[in-house]
Amino acid sequence: GTFTRNPETPCSPRFGCIGEVRVSFYSNDWAQTHISFAGKNDHGVISKWTAPSSWLCSGFQVGQLKEGTYSKDDFFAKLKEDSHSLTLILRLVGFLVLWIAFAFCFAPCEVLLDCIPCVGPMLGDCFSAVACCVACLPATVCFLGVAGAGWGAM
């Protein structure tokens, strides 16, 4: 739930006011009483399933709960869709972090150029722009190398 206080309501510190605090509660949708679960069912006891040690992801546990009734194929299709979205976001963030890191590796050179009298700041700014563009290449190579190694290991 949420708890919000209206700062514009004039109130005395000793006594509260009507309308000073607004509280909201959230709960399950009781019209939707069926759930689907992916995990381990051991004689009616539901728990997380652990991948065997012979798998690449040994020790990984599966235990997902979703509202509604799903077939096995639909349930895992939904999990795969959710996982795919997260994977794309993490890949994009990882690539951007690599690009920024390589661009910052050239920052000391920019500072050196800034120290030149008269034209130094202009040269430093130009170098900074070119370095940002050039940093895309090693970031792409590192990103594709790591992604390729991960894909090859799978």
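Cut-offs used in this document
- Position numbers for residues start from 1 in each chain and track the written sequence from start to end.
- pLDDT decides what is reported in this predicted model: residues at 70 or higher carry local features, side-chain atom pairs at 80 or more are listed and counted, and totals for whole chains, interfaces and linings draw on all residues regardless.
- Calculated side-chain values reflect all of the structure's heavy atoms, with hydrogen atoms and water omitted.
- Runs of H or I in DSSP of at least four residues are treated as helices and runs of E of at least two as strands, each being numbered from the N terminus.
- Whether a residue is buried, partly exposed or exposed follows from its accessible area with a 1.4 Å probe, protein chains only, as a fraction of its type maximum: under 20%, in between, or over 50%, in that order.
- The contact criterion used is simple: two residues touch if any of their non-hydrogen atoms lie within 4.5 Å.
- Here the Shrake-Rupley method, with its probe set to 1.4 Å, supplies the accessible areas, and only the displayed protein chains count as covering residues.
- Only the six-membered ring of Trp is used, alongside the rings of Phe and Tyr, when aromatic pairs are assigned; centres must lie within 6.5 Å, and planes under 30 degrees apart are stacked while those over 60 apart are edge-to-face, with the rest tilted.
- Take the residue count of a helix, subtract one, and multiply by 1.5 Å to get its expected span.
- Whenever two N or O atoms come within 3.5 Å, that pair is a polar contact, provided that in protein one can donate a hydrogen and the other can accept it, and provided that, for residues adjacent in sequence, both atoms are side-chain atoms.
- Here, axes are lines fitted to C-alpha atoms. For helices the fit covers the stretch in contact, and angles between N-to-C directions go from 0 to 180 degrees.
- Angles are sorted into four bins: roughly parallel if under 35 degrees, roughly antiparallel if over 145, roughly perpendicular if 65 to 115, and oblique for all others.
- The handedness criterion is simple: a crossing whose near helix is rotated anticlockwise from the far helix by less than a right angle is left-handed, and one whose near helix is rotated clockwise is right-handed.
- Definition used for salt bridges: Asp or Glu carboxyl oxygen within 4 Å of a side-chain nitrogen of Lys or Arg.

We now examine the overall build of the chain. If you tally the helices and strands in the chain, you get four helices and eight strands. If you list the helices and strands of the chain from N to C, you get β-β-β-β-β-β-β-β-α-α-α-α. In the chain, which comprises 154 residues, the share counted as buried stands at 11%. Restricting to contacts in the chain with at least 6 residues of sequence separation, those with at least 24 account for 45%. Summing over all exposed atoms, the chain offers an accessible surface of approximately 12,400 Å²; the carbon and sulfur share of this is 66%.

This brings us to the packing of aromatic side chains. Inspection of the entire model under this criterion finds five aromatic pairs. Judged by centre distance (5.9 Å) and plane angle (85°), the rings of Phe 75 and Phe 76 are edge-to-face. Given the relative accessible area of 44%, Phe 76 is considered partly exposed. Summarising the aromatic geometry, the rings of Phe 95 and Trp 99 are spaced 5.8 Å apart at their centres and angled 50° between planes, so their arrangement reads as tilted. Of the two residues, Phe 95 and Trp 99 are both situated in helix 1 (residues 72-105); the distance of four residues between them amounts to about one turn of the helix. Judged by relative accessible area, Phe 95 falls into the buried class, the value being 17%. One aromatic cluster is present, built from ring pairs that chain together Tyr 70, Phe 75 and Phe 76.

A word on helix 1. With 34 residues, helix 1 extends 49 Å between its outermost C-alpha atoms, agreeing within 8% with the 50 Å of an ideal straight helix rising 1.5 Å per residue. Burial in helix 1 covers these residues: Phe 75, Leu 79, Phe 95 and Ala 103.

Position of Lys 66 relative to the elements: it lies in strand 8 (residues 64-67). The buried category is assigned to Lys 66, whose relative accessible area is 16%. A polar atom in the side chain of Lys 66 sits 3.4 Å from the side chain of Asp 82. Each residue touching Lys 66, except ones within four places of it in the same chain, is listed here: Ile 35, Ser 36, Phe 75, Lys 78, Leu 79 and Asp 82.

Glancing now at the packing of helix 1 against helix 4 (residues 136-153). Close contact between helix 1 and helix 4 brings their axes to 8 Å; oriented N to C, the two are set at 135°. Relative to helix 4, the element helix 1 is oriented oblique. Handedness of the helix 1/helix 4 crossing: right-handed. In this structure, helix 1 uses Arg 91, Phe 95, Leu 98, Trp 99 and Phe 102 to contact helix 4, whose residues at the interface are Cys 136, Pro 138, Ala 139, Thr 140, Cys 142 and Phe 143.

This part takes up the pattern of salt bridges. One side chain can pair with another of opposite charge once the charged atoms of both are near each other. Tallying each qualifying case throughout the model produces two salt bridges. Asp 82 is the partner of Lys 66 in a salt bridge, and the nearest nitrogen-oxygen pair spans 3.4 Å. Taken together, the residues span a long stretch of sequence, with Lys 66 in strand 8 and Asp 82 in helix 1 at a distance of 16 residues. A salt bridge links Asp 82 to Lys 78; the nearest nitrogen and oxygen atoms lie 3.4 Å apart. Note that Asp 82 and Lys 78 are positioned in helix 1 at a spacing of four residues, about one turn of the helix.

Where helix 2 (residues 107-114) contacts helix 3 (residues 120-134), the two axes come as close as 7 Å, and the packing angle between them is 160°. As far as their axial angle goes, helix 3 and helix 2 are roughly antiparallel. Crossing geometry of helix 2 relative to helix 3 is assigned as right-handed. Where helix 2 approaches helix 3, its residues Cys 109, Glu 110, Leu 113 and Asp 114 are matched on the opposing element by Gly 120, Pro 121, Leu 123, Gly 124, Asp 125, Phe 127 and Ser 128.

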